[in-house]
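Listed below, chain by chain, are the residues.
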Amino acid sequence: MAATEASDPLLMLGVGLIEKDTNGEVLWVWCYPSTTATLRNLLLRKCCLTEENKLLHPFVFGQYRRTWFYITTVEVPDSSVLKKVTHFSIVLTAKDFNPEKYAAFTRILCRMYLKHGSPVKMMESYIAVLTKGICQSEENGSFLSKDFDARKAYLAGSIKDIVSQFGMETVILHTALMLKKRIVIYHPKIEAVQEFTRTLPALVWHRQDWTILHSYVHLDADELEALQMCPGYVAGFVDSEVSNRSDLYDVFVNLADGEITIAPLAKEAMTMGKLHKEIGQLIVQSAEDPEKSDSQVIQDISLKTKEIFTNLAPFSEVSDDGEKRVLNYEALKQRRFPPATENFLYHLAAAEQMLKI
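Please read all numbers here as calculations on a predicted model, not as lab measurements.

Within the sequence span of helix α1 (residues 37-46), burial applies to Leu39, Leu42, Leu43, Leu44 and Lys46. Residues of α1 that are buried sit in contact with β1 (12-21), β2 (26-32), β3 (59-64), β4 (67-75), β5 (85-94) and α8 (221-228).

Further remarks concern empty space enclosed by the protein. For the coordinates displayed, the defined rule picks out one cavity of 30 Å³ or more. Space inside the largest cavity adds up to approximately 80 Å³. Together, Leu42, Gln63, Tyr64, Arg65, His214, Tyr216, Val217, Glu223, Ala226 and Leu227 line the largest cavity. With three residues, α8 is the largest single contributor of residues to the lining of the largest cavity. Classifying every residue of the lining of the largest cavity gives six nonpolar, two polar and two charged.

An order of β2-β1-β5-β4-β3 is seen for the five strands of this open sheet, with the pairing classed as antiparallel. What marks the edges here is a single partner per strand, and that holds for β2 and β3. Here the strands of the sheet are splayed against their neighbours by 20 degrees on average, with no regard to which way each runs. One ladder, built from nine bridges, connects β1 with β5; its direction is antiparallel. What sits directly across from glycine 16, in β5, is valine 91.

Here the focus is the layout of surface pockets. Gaps left between atoms show up when a probe the size of a water molecule is rolled over them. In this model, the largest pocket occupies a volume close to 420 Å³. Residue lining of the largest pocket: 23 residues in total, with Thr211, Ile212, Cys230, Pro231 and Gly232 positioned closest to the centre. Counted by class, the lining of the largest pocket contains 11 nonpolar, six polar and six charged residues. In this structure, the second largest pocket occupies an estimated 200 Å³ of space.

Before going further, it helps to examine the environment of threonine 261. Note on placement: threonine 261 falls in strand β12 (residues 259-262). For threonine 261, a relative accessible area of 40% translates into the label partly exposed. For the pair threonine 261 and valine 251, spaced 10 residues apart in sequence, the C-alpha to C-alpha distance is 5.7 Å. Excluding anything up to four places from it in sequence, threonine 261 contacts Asp250, Val251 and Phe252.

This paragraph deals with the packing of aromatic side chains. One pass over the structure, following the stated rule, counts 19 aromatic pairs. Each residue in the set Phe59, Phe61, Trp68, Tyr70, Phe97, Tyr102, Tyr154, Trp205 and Trp210 is aromatic and connected to the rest through ring pairs, giving one cluster. Lying across the ring of tyrosine 216, lysine 46 places its NZ or CZ 4.7 Å from the centre. Between arginine 335 and the ring centre of phenylalanine 337, over which it is positioned, the NZ or CZ distance is 4.5 Å.

Our focus in this paragraph is the sheet that holds strand β11 (residues 251-254). The five strands lie next to each other as β9-β10-β8-β11-β12, forming an open sheet whose pairing is mixed. Where the open sheet ends on each side, the last strands, each with one partner, are β9 (213-214) and β12. Judged from the four bridges that link them, strand β8 (residues 182-186) and β11 form a sheet pairing that is parallel. Bridging from a neighbouring strand, valine 184 pairs with phenylalanine 252 of β11. Sheet strands touched by helix α6 (residues 170-178): β8, β10 (233-237), β11 and β12. Its angle to β11, the strand with the most contacts, is close to 140 degrees.

This next bit is on the packing of helix α10 (residues 294-312) against helix α12 (residues 339-351). Direction vectors running N to C along α10 and α12 enclose 95 degrees, while the axes themselves pass 11 Å from each other. With respect to α12, the element α10 is oriented roughly perpendicular. Packed against α10, whose contacting residues are Ile308, Phe309 and Leu312, the element α12 presents Phe344, Leu345, Leu348 and Ala349 at the interface.

In the case of a regular strand, side chains alternate between the two sheet surfaces. Within β3, five of the six residues are buried, which leaves the element mostly enclosed by the surrounding structure. When β3 meets β4, the two strands line up antiparallel, connected through six bridges. Bridge assignment links tyrosine 64 to a residue of β4, and that residue is threonine 67. Linking β3 to β4, which pair antiparallel, is a turn of two residues; within it arginine 65 sits at a positive phi near 50 degrees.

Moving on, we come to the pairing of β5. Summarising burial for β5: nine of the 10 residues are buried, a large majority. Where β4 meets β5, eight bridges bridge the pair, whose relative direction is antiparallel. By the bridge assignment, phenylalanine 69 is partnered in β5 with threonine 93.

This part covers the side chain of glutamate 342. You can see glutamate 342 is positioned in helix α12. Leaving out residues up to four positions away in the same chain, glutamate 342 has contacts with Tyr329, Leu332, Lys333 and Phe337.

Scoring rules and cut-offs
Residues numbered from 1 in each chain as written. Predicted model: local features only at pLDDT ≥ 70, side-chain atom pairs only at ≥ 80, totals over all residues. Heavy atoms only, no water. Buried < 20%, exposed > 50% of the residue type's maximum accessible area, 1.4 Å probe, protein only. Helix = DSSP H or I, 4+ residues; strand = E, 2+ residues; numbered from the N terminus. Contact = heavy atoms within 4.5 Å. 1 Å grid on protein atoms, 1.4 Å probe; cavity = no way out; pocket = protein on both sides within 12 Å on 5 of 7 lines; lining within 4 Å. Points joined across faces, edges and corners; volume = space filled by probe spheres on them. Nonpolar A, V, L, I, M, F, W, Y, C, P; charged D, E, K, R; others polar. Pairing = 2+ DSSP bridges. Axes fitted to C-alpha atoms, helices over the stretch in contact; angles between N-to-C directions. Phe/Tyr/Trp six-rings, centres within 6.5 Å; stacked < 30°, edge-to-face > 60°. Lys NZ or Arg CZ within 6 Å of the ring centre and 35° of its normal. Parallel < 35°, antiparallel > 145°, perpendicular 65-115°, else oblique.

The quantities given are spatial measurements derived from coordinates; they are silent on function.
As structure tokens, this is what we get:
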């Protein structure tokens, strides 16, 4: 997804409203335009109002079948015109990943609904942003779509925090991402899961691909089916039961315990050697430098990644149909790299679809 897309208001797909009334019932009240029953059920599951534990999550986001969802939930104060409602959630669906942009816009829509008690004003603002990229109101705040660049969203997480938690083991995450493996992250708190998962795609900055991110997944058959259709992903869960679902991951991160596990079937592709040690040391050294910002650390890792691809280049050739570059495996073997390096370069070529069919 190109960074320039972020200022395009047409990336929004829809807006919805979920309410919890004084009887404790949670209802999908309104949406514009229409939505499917499947998506509606998913969003009811994602908004925290249907949960038994009564914990309020002010903002959650995630992705389902290439549709991003952003949900802001608020408690209704006594002073509001909404007399029969205790809490409500505003849901935005969109084509792009930009939590800060949609958190800002949903907060404005929440203030409007608290003040007017009718979705009409929200719909007017939604259409204004959709058509002009802007909505302005003195009492509820202004929103300008083009203030929120996609690149800023990509850089909002902290690589340094990840490295301070996992140190040299961060290279396991880097390798898994390079090889387009399936990474599952577990933590009981959704905020921790979202913060961690959203940062991981930055470890492979050369791809700038956040479509691999599924930051809030439930162990629901439909969601898991959608997830398993993706070749590689970063998926976040708050249900500890996911640790028993080895069919879902190549690498499992227990964020609560600070442990990373490689699944038995992924161990061969993920064999670590001298090259990985070099990458790990570079990541740790860069992240521990107090002078460096997170974006500089990402840049350092990205340069090292480019170096790896440069190493792969001499062993690639134009395919028979002349369409793309493919790996010459014999040439790679003749170079006599250490086994772990050769193994990694081979699996990297596979991830980049450079193997001869």
